[in-house]
Every structure is written in structure tokens, then in C-alpha cells.
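# Structural overview
Chain by chain, the residues:
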Amino acid sequence: MSGDVVQLHTPLVEEVLSLRAGDRVELSGIVYTARDEAHLRMQKDGIPFDPKGAAIYHCGPVVQDNRIIAAGPTTSARMNELSGFLLDRGVRALIGKGGMGALVREQLKNRGVYLAFTGGCAALASTHMTLKGVFFPDLGMAEAIWMIELDHLPLVVGIDSHGNDLFEAVMRHARQEFEQNKKKCEPMGNGYKE
Amino acid sequence: MRTTDDTAIYASLADATFQAYRDSVTHLPADVLVVIRKAAAAETKPVARNEFANILKNIEEAERLHVPLCQDTGIPVTYLTIPPDVPLTRDLYDAVAGGIRRATREIPLRPNVVDPLSRHNTGDNTGKGMPAIHVKPGDSFTVTVFPKGAGAENSSRITMLLPTHQYGIEGFVVDTMLHAEGKPCPPVFLGIGIGSTFDGAAALAKEALLLPVDRMDDYEQEICNSVNKLGIGPMGLGGDTTALAVKVKTAACHTASLPVAVNVQCWAHRHATVEVKRVR
């Protein structure tokens, strides 16, 4: 892991393939928000923007008077089964919080990266954002696709295009730790089975 | 028919609910800030230190810009204390809902409240049985707003342990966090309800989160240490602090029961209490 911050700008190109899990990046340029409902709609009606080199932000912002008030990431794992078609069409980055499943880790290989932003940091995020437009406004504020221009949003590479996954490594360690400590606290000769 | 007094109480309570909602979503309580700053200073992992840096900067920006800390401005959970001379009427419930509608428009809040089956969004953060309003008798007339984000709420769990399996409580709490992974926006606060009934334990767990989080007794500290051994860290990216605090609240239960509930709360542990102004 290097201490330098990598500067990225959308549309993204092959440069994302050289990123490694744990790298810090700052992302600028247009990103598109999408949560559960937007993914379903895009699968049905098509992607309303050019997906080539695009970055998808798992986020349902607070918007008032055409301004982004608060726009932190939502839990990406809800989109685990819904992201493949975007990567198939050329999307290079998924941005969110909490990481994604093994399926997405495979789908990202040689194609793109998962970038993590700090959950709950919606006020900070908004200071790096300008609202540029909206698709599917009928889905409502949280679920619509908002087109947002980023100015140096600080992110960390959570999953790289080589199959390295910070979240997975952390959870593997956590499960080992849990199994070790569980053995210590179980009483002897207990017959109760769940 | 509503009397002049009722109208005054309605307006004061609606106003207090609005103020409490605004306070809760734009800045964190002092005890919450203390534990976040302490954990940030103690963190040793570089990725986790960056996450804490974003969290601390976000707290500053929300304060400076008077905007919500997090775009998930939660589902409205409220607690009222009612003094002896205030009649508990339907109007009080309407007043709290009125304050929440105003908060949704003016702060603004994200409209989060939907029908559970049709998923139709009411647009104003109220709906059937929502806001949740919990009423207790008290000396003063207060409203507490405790907006609860979905990431953390979705990771919460309840179990009915065998009464002889007290040792299983800690394991259940740690296992809850193991299943939660980075999804509830750790470092988290964990409210543990022990005893009462199936539904009562869940209520205790939520109330436990409203206890001061800058102190823990030995039992709470022991559970907290076990959770932190998991190393899940801020946002599940790994780190020394997974739980900022564990708070336990108990109630008497059936001799054959041991209900245990864990209510998970994100680092943005937002809640505020405002005294309802009385015009005499």
C-alpha cells in the first residue's frame, strides 16, 4: 500500500486495473447514483447514460432546490446480485460502503474496482459535489439516479480488479477470532442443540 | 373539541419535535463525540485512521453547514415524558407527527417512510404507526428524537436463550456483529436488552442506546472488548475499534425465559431531547 493519493477522473479507463486494494484515491468527474430500485429500472428500461468508463455511486441523497444537501454512501451489499449488467456494459467503478459479495469480486476482475467511502459522511461528501441532473425522478429522492459532478472525493480501493478484497480479508480474520473465543466460553457437556 | 390550552400544547410539542429532530441530525451528543474522538486518537491501522479522519471532518462540516450528518436521516423514533398535569390525548401523537412533517420539509430530511408491502413512500416521514412514539410519565414535559438509519437497524437481532444459558449472551452479541460485518457503519454502539418479553427486550435494547455512552460497567466493557477482538473496524475495513460502546438495560422476565436483543447503532449516534415549552 502506498501513501500517495491516486487522482482519478471519469470516464475511467484501464488505469483502474493498476489500483490495489488499500490504495487511496480521489475521484473527480461525473458519477451516477443508483440504489436497488434504479438497478431494477435500468435492467428493465436500459441505462439512461453512457456506461462506458462510468462510476456508479450507491447513494440516495438528500436534495433540495437542485442542490445536494447530504450524500453519503448506502450499503453496497444490497446490490450484490444487481451489478453484473453494469460491469458488462463497461462500468469501471462501483462506489459505496461496507463492501460487496464474492460474485461482484469475480465480476470486477480485469474490469473495474470497488471504491469505499466512509458511511455516514454525507455532509463531507456534499462539499465535493455539484448536482448536474436526474434520471427516473418518479422513483423518488432516495431511489432516483442523480448525475453528480465530484471534485476530489476521497476514497479507498476496497476491492481491486485482481480479486483482492479488504473487506473479505478483515471478515476472514474476524471469523477465525470468533471461532477461537467461542470454544473458550462453551460449557462442557451441554446437550442443548439449536 | 380542541380547547385553547390543547392548541397551545399541540403547537409547543410540534415545535419541540422539530427542534429535536434538527438538533439530532446536524450534531452529535457530547458523550458520543467523546468516545469517537478517543477511538480516533487510539486507532493504529492506516486505513482505519483515514476513515476516522473523514468521520471527524464530516462532524465539523455538518455543524458548519447546518446540514444532516448522514443522508439517511432515519426512521423517526420518539420518546415523550409527560408530567402529571398534561393529559395524554390523541393530540400529542398528532403534534409529534406534525413536527416530523415540518422537519422533513425544512431541514430537510430524506423521505424514508414507506408502506411495508406496497413500498409506497408517504413523502413526509409519517405513516401508519409511524412515527414510533413511546410515552412515559415524568416530572418535565420532554420529547426525545432518536432517528434510526436502516444500515444499523437492519443488523439488529433478537433471541430467546435458555434461562440457564446466560453465558450465551456475550456470544450472541459478538455473533450479531460478525453477521453485520461493515454494513451498519461501524464503529458501532450496541444497545443490549436482557429480560422482559420478546417485544420488551427489543424496546430495552433501543432504550439502552440512550444511556450515556462515555461510561461502561464491567459487564458492558467485557462484551465491548470481545466485539473489538473481531477487528472489523471502521466501515468493515479493519481496525482496532468495532464497537465504541456497549450499553445494557435489563428487566425482570419469566423464570423459563431469557430474551436477549441487540440494537445496532452506527457511529452517527444521533439523538436529541428538547423540553416542551409551557405557556401558562
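No experiment lies behind these values; they were computed from the predicted model shown.

What counts and what doesn't
- Residues numbered from 1 in each chain as written.
- Chains lettered and ligands numbered in written order.
- Predicted model: local features only at pLDDT ≥ 70, side-chain atom pairs only at ≥ 80, totals over all residues.
- Contact = placed C-beta atoms within 7 Å.
- Helix = DSSP H or I, 4+ residues; strand = E, 2+ residues; numbered from the N terminus.
- Nonpolar A, V, L, I, M, F, W, Y, C, P; charged D, E, K, R; others polar.
- pLDDT = per-residue confidence, 0-100.
- Pairing = 2+ DSSP bridges.
- Axes fitted to C-alpha atoms, helices over the stretch in contact; angles between N-to-C directions.
- Left-handed = near helix turned anticlockwise from the far one by under 90°.
- Domains from an automatic or database assignment.
- Core = buried A, V, L, I, M, F, W, Y, C linked by C-beta atoms within 7 Å.
- Buried ≥ 20, exposed ≤ 12 C-beta atoms within 10 Å, placed from the backbone.
- Expected span 1.5 Å × (residues − 1).
- Arc of directions from axis to C-beta.
- Right-handed = clockwise from strand over helix to strand, strands pointing away.

## Observations regarding the interface of chain A and chain B
The interface is formed by 44 residues belonging to chain A together with 44 residues belonging to chain B. Broken down by secondary-structure element, the contributors of at least two residues to the side of chain A that touches chain B are strand S4 (62-64), strand S5 (67-70), helix H4 (122-126), strand S9 (145-159) and helix H5 (166-185) of chain A. With twelve residues, the single largest contributor to the side of chain A that touches chain B is H5(A). Across the side of chain A that touches chain B, the residue classes tally to 24 nonpolar, 15 polar and five charged.

## Focus on the confidence of the model for chain A
Put simply, chain A has an average pLDDT of 93, and 92% of its residues get 70 or more. Confidence drops under a pLDDT of 50 for residues 188-194 of chain A, and excluding neighbours within four residues, the segment shows one contact in the predicted structure.

## Details of the sheet that holds strand S1 (residues 77-82) of chain B
Residues and elements named next belong to chain B. Taken in spatial order, the four strands make up an open sheet running S2-S1-S3-S8, and their pairing is mixed. Strand pairing shows two members of the sheet lacking a second neighbour, strand S2 (132-137) and strand S8 (272-275), which therefore form its edges. Each adjacent strand pair in this sheet contributes to an overall mean axis angle of 20 degrees, direction not counted. As defined by bridge partners, S1 adjoins strand S3 (residues 142-145) across four bridges and the pair is classed as antiparallel. What sits directly across from Leu80, in S3, is Val143.

## Description of the packing of helix H6 (residues 168-180) of chain B against helix H8 (residues 218-228) of chain B
Residue and element names in this part refer to chain B. Two numbers describe how H6 lies on H8: the axes approach to 9 Å, and their chain directions differ by 40 degrees. Along this stretch, H6 crosses H8, giving a crossing that reads as right-handed. Only Ile223, Ser226 and Val227 of H8 make contact with H6, whose side of the interface consists of Glu170, Val173, Val174 and Met177. Residue composition of the contact of H6 with H8, grouped by class: five nonpolar, one polar and one charged.

## Details of the sheet that holds strand S5 (residues 188-196) of chain B
Residue and element names in this part refer to chain B. The strand order across the open sheet formed by four strands is S4-S7-S5-S6, and the pairing between neighbours is mixed. Taken across any chain shown, the strands that pair with only one partner, and hence form the sheet edges, are strand S4 (157-161) and strand S6 (243-253). On average, each strand axis in the sheet is inclined to that of its neighbour by 15 degrees, with strand direction left out of account. Note: S4 against strand S7 (residues 258-265), five bridges, orientation antiparallel. Considered in S7, the bridge of Leu161 is made with Leu258. Each of S4, S5, S6 and S7 touches helix H7 (residues 198-208); the most contacted strand, S5, lies at about 145 degrees to it.

## Looking at the domain arrangement of chain B
Residues and elements named next belong to chain B. The domain architecture assigned to chain B consists of domain 1 (4-27 + 69-147) and domain 2 (150-265). One C-alpha centre belongs to domain 1, the other to domain 2, and the line joining them spans 26 Å. Taken together, the contact between domain 1 and domain 2 spans four residues of the former and four residues of the latter. Split into classes, the residues belonging to the side of domain 1 that touches domain 2 amount to two nonpolar, one polar and one charged.

## Details of the nonpolar core
Ranked by size, the top nonpolar core spans 140 residues in total, and within it A:Ile56, A:Ile95, A:Leu115, B:Leu190, B:Val227 and B:Leu244 carry the most contacts. Excluding its chain neighbours within four sequence positions, the residues that come into contact with A:Ile95 are A:Val31, A:Ala55, A:Ile56, A:Tyr57, A:His58, A:Pro73, A:Leu115, A:Phe117 and A:Leu155.

## Thoughts on the environment of B:Gln166
Note that B:Gln166 resides in the loop between S4 and H6. Residues B:Gln166 and B:Ile194 lie 28 residues apart in sequence; the distance between their C-alpha atoms is 10.0 Å.

## Describing helix H2 (residues 30-42) of chain B
All names here are of chain B. Here H2 spans 19 Å end to end across 13 residues, near enough to the 18 Å set by a 1.5 Å rise per residue. Regarding H2, the residues found buried are Val32, Val35, Ile36 and Ala39. The buried residues of H2 occupy an angular sector of 100 degrees when the element is viewed end-on, so they sit on one face. Of the exposed residues in H2, the ones pointing more than 90 degrees away from its buried face are Ala30 and Ala41. Along its buried surface, H2 packs onto helix H3 (46-65) and S6.

## Regarding the pairing of S2(B)
Residues and elements named next belong to chain B. With six bridges joining them, S1 and S2 adopt parallel strand pairing. Counterpart to Ile82 in the pairing with S2 is Pro137. A crossover connection joins S1 to the parallel S2 through helix H4 (residues 90-106); in handedness this β-α-β unit is right-handed.

## Thoughts on the environment of A:Gln7
Residues and elements named next belong to chain A. With respect to the helices and strands, the residue Gln7 is situated in strand S1 (residues 5-9). Classification of Gln7 as exposed rests on a count of 11 C-beta atoms within 10 Å. When the C-alpha atoms of Gln7 and Glu179 are compared, they prove to be 40 Å apart, with 172 residues separating the residues in sequence.

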